[in-house]
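Given next are the chains, with one letter for each unit.
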Amino acid sequence: MLNGFKNFVMRGNVVDLAVGVVIGAAFTSLVTQFTKSFLEPLINLVGAKPDGAGGAFDLVHKGNAVAWGAFVNALITFVLTAAVLYFLVVLPMNKLAERRNKGKEPEPAPVTEDIRLLTEIRDALVAARVPAQAVHKENDHANDR
């Protein structure tokens with residue numbers, strides 16, 4: 001039972017899927033923070049009323065400051081998450097897969113239909129040429145006499 005579980009986990013697509021889900025969640029957090037830090041203050045700024053009660057052009061009005069620090073924090077978190085996943089999950093799994101496949105020869109690619117037909121045509125031409133060459137040699141010997 002544990003051997004079956006190990007084979008399931010060691011398949012590349014399971015690990016790829018898990019890494020994709022974690023990176024997707026981290027990227028979602030990055031996009032959310034970008035929206036909160038940059039887009040919402042700019043949208044609030046554009047929505048300013050003529051009397052100046054709704055926004056201002058200094059990007060800081062009634063708490064609508066651009067929070068670039070929070071975005072940088074989210075960006076660093078995303079980069080660190082990606083680095084940890086790569087160095088602690090992806091890289092060791094790739095090394096392990098290399099070690100497991102070290103003694104195995106890669107399976108030859110199956111012969112496609114067009115290659116098979118071309119091979120048959122070549123073989124037929126070679127087979128047809130051999131008797132023709134033999135006939136030409138006999139004629140050459142007859143002409144030499």
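Just so it is clear, the structure is predicted and the values come from calculations on it, not from any experiment.

Criteria and cut-off values
Residues numbered from 1 in each chain as written. Predicted model: local features only at pLDDT ≥ 70, side-chain atom pairs only at ≥ 80, totals over all residues. Heavy atoms only, no water. Core = buried A, V, L, I, M, F, W, Y, C linked by side-chain atoms within 4.5 Å. Buried < 20%, exposed > 50% of the residue type's maximum accessible area, 1.4 Å probe, protein only. Helix = DSSP H or I, 4+ residues; strand = E, 2+ residues; numbered from the N terminus. Axes fitted to C-alpha atoms, helices over the stretch in contact; angles between N-to-C directions. Parallel < 35°, antiparallel > 145°, perpendicular 65-115°, else oblique. Contact = heavy atoms within 4.5 Å. Nonpolar A, V, L, I, M, F, W, Y, C, P; charged D, E, K, R; others polar. Phe/Tyr/Trp six-rings, centres within 6.5 Å; stacked < 30°, edge-to-face > 60°. Expected span 1.5 Å × (residues − 1). Bend = angle between axes of the 7 residues up to and from the residue.

Asker: In this structure, what is going on with the nonpolar core? I would like to understand it.
Answerer: Soluble globular proteins tend to bury their nonpolar side chains together. Counting five residues, the largest nonpolar core is built from Ala26, Leu30, Phe71, Ala74 and Phe78. Of all the secondary-structure elements, those providing two or more residues to this core are α2 (12–46) and α3 (68–100). The dominant element in this core, judged by the number of residues it contributes, is α3, at three residues.

Asker: Which parts of the structure should I look at to understand the packing of helix α1 (residues 2–10) against α3?
Answerer: Relative to each other, α1 and α3 sit at 115°, their axes nearing to 12 Å. Considering their axes alone, α1 and α3 lie roughly perpendicular with respect to each other. Facing α1, whose interface residues are Lys6, Asn7, Val9 and Met10, α3 presents Met93, Leu96 and Arg100. Considered class by class, the residues forming the contact of α1 with α3 number four nonpolar, one polar and two charged.

Asker: For this particular structure, what's the right way to read the packing of aromatic side chains?
Answerer: Working definition: an aromatic ring pair is given by the centre-to-centre distance plus the angle between the planes. Counted under the stated rule, the structure contains five aromatic pairs. Consider the rings of Phe34 and Phe71, whose centres lie 5.5 Å apart with planes at 65°: the pair is edge-to-face. Here Phe34 is found in helix α2, whereas its partner Phe71 is found in helix α3, with 37 residues between them in sequence. Residue Phe71 is classed as buried on the basis of its relative accessible area, which comes to 18%. Arranged with centres 5.4 Å apart and planes meeting at 75°, the rings of Phe38 and Phe71 form a pair that is edge-to-face. Of this pair, Phe38 sits in helix α2 while Phe71 sits in helix α3, and the two are 33 residues apart along the sequence.

Asker: What am I meant to see in α3 here?
Answerer: In an α-helix there are 3.6 residues to a turn, and that puts residues three or four apart on one side. If you check α3, its first and last C-alpha atoms are 47 Å apart, about what 33 residues at 1.5 Å a residue would give, namely 48 Å. Helix geometry: α3 is bent most strongly at Tyr86, by close to 40°. What α3 keeps buried is the set Phe71, Ala74, Phe78 and Leu85.

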